[in-house]
Amino acid sequence: MNVHDPAEEIVALRAEVVQLRLLANNVPVAIAYFEARGYTCRFANLGYASMFGRDEQSVIGLTFAQIIGDEAARQIQPKVDTILREHRSASYERQLPAADGGTRWIEVSLLPHLDATGTAVGAFVLIADITHHRRAELALRESEERLAKFMHASAEGIVFHRGGIVTDANPPALALLGRTLPEVLGQPALDFVAPDQRERVGAVMAAGSEITYETAVQHRDGTRLPVEFIVRTMEHHGERLRMTIVRDLRDRMADQARIHHLAHHDALTGLPNRGAFIDRLEGLLPYARARGATLALLFIDLDHFKRVNDSLGHLAGDALLQTVAHRITSALRVGDLVARFGGDEFVVLLSGDQPAAAVREVAHKLLAVIGAPVEVEGASISVTPSIGISMFPQDGQTPDALIKHADTAMYHAKSRGRADCRFFEPVMAEAAYADLAMESRLAQAIRDREFVLHYQPQLSLHDGALVGCEALIRWAHPERGLILPDAFIPLAESRRLMLPIGDWVLREAVAQARRWHLAGLASVPIAVNLSTTQFQSVGFVDAVQRLLGEQGVEGRLLEIELTERMLMDELASVRDSLERLRALGVRIAVDDFGTGYTSLGHLKSLPVDRLKIDRSFIRDLPGDTGSAAIAGAVIQMAHGLGMRTLAEGVETAAQRDWVAARGCDELQGNLEAEPMPAAAFEDWLRARQSRQN
């Protein structure tokens, strides 16, 4: 018979209570017990008490409404009634404010406590903090929503597949394939790849590579579409998925094709450009060299094309260039190559091994078709071409040599009167070299100030008075002596050396006018011939105004001589420049009148003081009826427009008498005095003054 000590039993019982309390306080669940009668708390662990801001002692004896609040108590009362009435457990979730100001999610389980008779006498409350799980679920849901929004908002196709089987695709991807989502879900991804690309794409899929590469997909209708795949691997719901961004490359490839075309073709005519032509020629030369074949290169330049732009505008000029390009290509064979080099220059490479006679025939055919009139904006216009021809291999072994020699031959065709064709000859290269040497020597002459001015008087036909003089440039060459302008001015104009030369002439003439005026020798204008480059240079009128101011010379002591052709270029700007010069007192003359194309309508609108009748008409007077008719008409017309006339190149008394009888105002020529250096001109002036005194 065992005898139990009550004290020991109490001690053991208390130890068990302590252990139970220790256990309850260390489980990750809030625990409480409420009796059915009055819903008062009879037990709560530390987790439960602290969840509601209390401790284990202060929570005992409180009702659950006092602990969790009346509003929460009303919400859970139906759950409490259910477990007490039906004797079964219940659970629910609710949110609590967190200490950090956020929200906590808890899961509450209610377990009924039944006595021996099966009566519900209380309920156990178990509360688990599920905030972490809910936040993870929310983040996952938000991530999936963002992914779904991204897929639908993306302009590029996106396809997901698992093990090569499609699991999702966005609308752009479906549109690219011409299919609906049900048609692609569960299908092998390779079924939608272009057949010739499936092996490659399959290898990428098998390797699991994260890669970007170009391939092709197949539309429902069988069309092969170029695309770019951007492949990535990702985890989704614990599964390993492959995501492929499908980028449509059609626009990019079309843009690249356009860029390539623009880089190699002329935008206006659509013909290959200089670079493309040279590349093609470089590729053909080795082939022709190996076969011992000849090639013919034709360099075509349109004569006086600038007049079309200046008179009708650049749109008309562009239309003419397009027509010329079409005519050239239409006149040639399919294998011939045509390119636009820029401006009004075209180049043709004739295919096949053609003899010189056949090449010449083609060139004459081009001369005819290009020169035919063209209707542009209601006007019939035409330009003639000048064509230079070089032959491979005799005229050059490289593209540069062939082009250069054809260009040289073209300039020789222009020098023979234009609208002609010339084959390259070695002597042309020698002339070109001579021009290059002359150009270099001219540049040196400008630096070393080797130019001088000679002066030729201009006299009144009424009383013989001095009315002016013309400044005429000469090159005082150290070895060759005095060189007349006809030997170097054309080259200077073609090489743009005329601007510094013209500036020097203008400055020297104004300085000379000042010296003679101050010395009392002459107070008449000195006439200076202007080049087109000089007259059209930016700020020319301002430069004249500054020069007159620096020298202290009145504008009336300077006369500007322009050619008829210069008056035709950009009429509005010409008129503005001339009016500004006239405002400075500078006189305006038209040189070599009768040889150009000035219309009377233009002439009458310009502030011109006098017309100089070209010496070619004076030379044949008085015997040549044609020259007489033209000279007489010019004199009569000038007087009708209120302008004076001057006869250039008067060499005989008969010429002087003839122009005087027709009312010409002034003359200039060797009959009265040849061009003289400044010192000789001064002696001539003094001798003239002595005779008059």
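Note that the structure is a prediction, hence the values are computed from the model and not measured. (Residues numbered from 1 in each chain as written. Predicted model: local features only at pLDDT ≥ 70, side-chain atom pairs only at ≥ 80, totals over all residues. Heavy atoms only, no water.)

Q: Whenever I open this one, the pattern of salt bridges confuses me. Can you help?
A: Any two side chains of opposite charge can pair, so long as their charged atoms come close to each other. This model, assessed by the stated rule, comprises 30 salt bridges. Salt-bridge contacts for E666 lead to R644; the nearest nitrogen and oxygen are separated by 2.8 Å. With E666 in strand β26 (residues 666–668) and R644 in strand β25 (residues 644–648), this pair connects stretches of sequence that are 22 residues apart. Judged by relative accessible area, R644 falls into the partly exposed class, the value being 27%. The salt bridge involving E672 is made with R656; its shortest N-O contact spans 3.9 Å. (Salt bridge = Lys/Arg side-chain N within 4 Å of Asp/Glu carboxyl O. Helix = DSSP H or I, 4+ residues; strand = E, 2+ residues; numbered from the N terminus. Buried < 20%, exposed > 50% of the residue type's maximum accessible area, 1.4 Å probe, protein only.)

Q: When you look at the sheet that holds strand β17 (residues 421–423) in this model, what are you seeing that I'm missing?
A: With mixed pairing, five strands are arranged side by side in an open sheet as β12-β13-β11-β16-β17. A strand with exactly one partner marks an edge of an open sheet, and here the two such strands are β12 (337–342) and β17. Averaged over neighbouring strand pairs, the angle between their axes works out to 20° when direction is ignored. With three bridges connecting them, strand β16 (residues 385–392) and β17 associate as parallel partners. Bridging across to β17, I387 finds its partner in C421. (Pairing = 2+ DSSP bridges. Axes fitted to C-alpha atoms, helices over the stretch in contact; angles between N-to-C directions.)

Q: Just to check I follow, could you spell out the sheet that holds strand β4 (residues 103–114) for this structure?
A: What links the strands of a sheet is backbone hydrogen bonding, and the strands pair in either a parallel or an antiparallel sense. Here five strands make up an open sheet; going across it, the order is β2-β1-β5-β4-β3 and the pairing antiparallel. Among the strands making up the open sheet, the edge pair consists of β2 (41–44) and β3 (90–97). For this sheet, the mean inter-axis angle between neighbouring strands, taken without regard to orientation, is 25°. As paired elements, strand β1 (residues 30–35) and strand β5 (residues 120–129) share six bridges and run antiparallel to each other. Along β5, the bridge assignment pairs F34 with A123. Contacting β3, β4 and β5, helix α4 (residues 70–86) crosses the sheet at an angle of about 165° to β3. (Contact = heavy atoms within 4.5 Å.)

Q: I keep staring at the side chain of R688 and nothing clicks. Help me out?
A: Locating R688 in the fold gives a position in helix α26 (residues 678–692). Buried and unpaired, R688 has E672 as its nearest opposite-charge partner, separated by 5.9 Å. (Lys, Arg positive; Asp, Glu negative; His and termini not counted.)

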